[in-house]
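Summary of the model geometry
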Amino acid sequence: MKKVNTESSVMRGRRRFLQCASAAAIMPLGLRLANAADITPGPDSVLLVIDVQNCFLPGGTLPVSDGDQIIPVINALGKKFENVVFTQDWHTPGHASFASSHQGKAPFETIEMPYGTQVLWPDHCVQGSTDAQLADALDIPHAQLIIRKGYHDEVDSYSTFMEADGSTKTGLTGYLQERGLSKVYACGLATDFCVSWSAQDAAAAGMSVSVIEDACRGIDLDGSVQAAWKAMADAGVSRITSDDIA
Ligand code: VGL
Ligand code: ZN
């Protein structure tokens, strides 16, 4: 009796496998990927919404092209995660990452800082300004934490885990660890700066990290978006789309 049951369940499994395999074979690749939806966020998953602030939207001080287009995608994702954390770029007036703080320097030029090469930006995301506020259109009321970064005058912090000096921590790793949130799904602005640096740091801290491509937009200075995807892949970060999430 026991043996018969075991055999029939094996046969059922084989049949299912063969059905799936033949369905996969006739379906166009794009369709198969788009319909996969094989990730179900659980209690150990967190949606990390990076720097979706007025400054990075059209009309802001450091606008990312089509930055506003990710907001509906992020709002829909928010409904699928019980854990959501926002980050906020939060600079002092006269911050060292601003071109205006360095005589003769223009935005998007670089400068050598004690911690390495720094891209100089237009003044942006100044503490307390409307420009620095999270986008009004974000609609994820159950989000649990807003973590701020870039608030030390002399050092930038693209990463929401670690400042650009490579040693000063924001505290987010400890927060996620204490809450048992080991699977990070990152989205937001900008793909090639804060998203990429954050994703790489999270991977280095031992978290499982996926970046949701259609919920991000990049600044793209000299191919920096492509370089960021390569660096993230090398760091073990998965590149997914919002369709992959059930
Ligand atoms: C960012 C440049 C300067 C970002 C922040 O959020 O990607 N980029 N500050
Ligand atoms: Zn900044």
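Thresholds, definitions, all that
- Residues numbered from 1 in each chain as written.
- Chains lettered and ligands numbered in written order.
- Predicted model: local features only at pLDDT ≥ 70, side-chain atom pairs only at ≥ 80, totals over all residues.
- Heavy atoms only, no water.
- Near = heavy atom within 4 Å.
- Polar contact = N/O pair within 3.5 Å; in protein donor to acceptor, adjacent residues only side chain to side chain.
- Areas by Shrake-Rupley, 256 points an atom, 1.4 Å probe, with all protein chains shown as cover.
- Nonpolar A, V, L, I, M, F, W, Y, C, P; charged D, E, K, R; others polar.
- Phe/Tyr/Trp six-rings, centres within 6.5 Å; stacked < 30°, edge-to-face > 60°.
- Helix = DSSP H or I, 4+ residues; strand = E, 2+ residues; numbered from the N terminus.
- Buried < 20%, exposed > 50% of the residue type's maximum accessible area, 1.4 Å probe, protein only.
- Lys NZ or Arg CZ within 6 Å of the ring centre and 35° of its normal.
- Donors = N, O, S within 2.8 Å, 3.2 Å for Na, K, Ca; no water.
- Tetrahedral: all angles 85-135°; square planar, octahedral: opposite > 155°, others 65-115°.
- Contact = heavy atoms within 4.5 Å.
- Pairing = 2+ DSSP bridges.
- Right-handed = clockwise from strand over helix to strand, strands pointing away.
- Disulfide = S-S within 2.5 Å.

Within the structure, ligand 1 sits among Asp51, Phe56, Leu62, Asp89, Trp121, His124, Tyr158, Leu189, Ala190, Phe193, Cys194 and Ile219. Here Leu189 contributes a backbone N or O atom positioned 3.3 Å from an oxygen atom of ligand 1. Cys194 places a polar main-chain atom, nitrogen or oxygen, 3.0 Å from an oxygen atom of ligand 1. A total of 260 Å² of accessible area belongs to ligand 1 in isolation, and the protein chains cover 100% of it. Classifying every residue of the shell around ligand 1 gives 9 nonpolar, 1 polar and 2 charged.

Using the criterion set out here, one finds 6 aromatic pairs in the structure. Ring centres of Trp121 and Tyr158 lie 6.3 Å apart, and the angle between their planes is 80°; on these two criteria the pair is classed as edge-to-face. Linking Trp121 in the loop between β4 (116-119) and β5 (145-149) with Tyr158 in the loop between β5 and α4 (172-178), this pair joins segments that are 37 residues apart in sequence. Ring centres of Trp121 and Phe193 lie 5.0 Å apart, and the angle between their planes is 90°; on these two criteria the pair is classed as edge-to-face. Of this pair, Trp121 sits in the loop between β4 and β5 while Phe193 sits in helix α5 (residues 191-204), and the two are 72 residues apart along the sequence. Residue class for Phe193 comes out buried when judged on its relative accessible area of 10%. The rings of Phe108, Trp121, Tyr158, Phe193 and Trp197 are connected pair by pair, giving a single aromatic cluster. Directly above the aromatic system of Trp90 lies the positively charged group of Arg148, at a separation of 3.6 Å from the ring centroid. Over the face of the ring belonging to Trp229 we find Arg239, whose NZ or CZ atom lies 4.1 Å from the ring centre.

With that settled, consider the coordination of the zinc ion (ligand 2). Note on the zinc ion (ligand 2): its protein donors are Asp89 (OD), His91 (NE2) and His124 (NE2). The metal-donor distances range over 2.0 to 2.1 Å. Coordination at the zinc ion (ligand 2) is irregular, judged from the 4 donor atoms that bind it and the angles of 90 to 170° they form at the metal. In primary-sequence terms, the residues that donate to the zinc ion (ligand 2) follow D-x1-H-x32-H. With His91 in the loop between β2 (84-89) and β3 (110-113) and His124 in the loop between β4 and β5, the pair connects residues that are 33 residues apart, well separated along the chain.

Okay, the environment of Val195 next. Along the chain, Val195 falls in helix α5. Excluding anything up to four places from it in sequence, Val195 contacts Ile50, Cys187, Gly188, Leu189, Ala190, Val211 and Cys216.

Turning our attention to the pairing of strand β1 (residues 45-50). Of all the 6 residues making up β1, 6 are buried; the element is thus mostly covered by neighbouring parts of the structure. The side-chain alternation of β1 yields two buried faces, one formed by Ser45, Leu47 and Val49 and the other by Val46, Leu48 and Ile50. Two strands pair when backbone bridges link them, and β1 and strand β6 (residues 183-189) are joined in this way by 6 bridges, in the parallel orientation. Along β6, the bridge assignment pairs Val46 with Val184. In this sheet, β2 lies alongside β1 in parallel orientation, the contact comprising 3 bridges. Following the sheet pairing, Leu48 is matched in β2 by Val85. A crossover links β1 with its parallel partner β2, the connecting element being helix α3 (residues 70-78), and its sense is right-handed.

Take the state of the cysteines next. Under the counting rule described, the total for this entry stands at 1 disulfide. Linked covalently through their sulfurs, Cys55 and Cys125 form a disulfide whose S-S length is 2.0 Å. Taking the sign of the S-S torsion, about 70° here, the bridge from Cys55 to Cys125 comes out right-handed. Highlighted residues: Cys55 in the loop between β1 and α3 and Cys125 in the loop between β4 and β5, separated in sequence by 70 residues. Classification of Cys125 as buried rests on a relative accessible area of 0%. Between Cys187, a cysteine without a disulfide, and Cys216, which holds the nearest cysteine sulfur, the sulfur-to-sulfur distance is 6.1 Å. A relative accessible area of 0% places Cys187 in the buried class.

What is shown is where atoms sit, not what they do.
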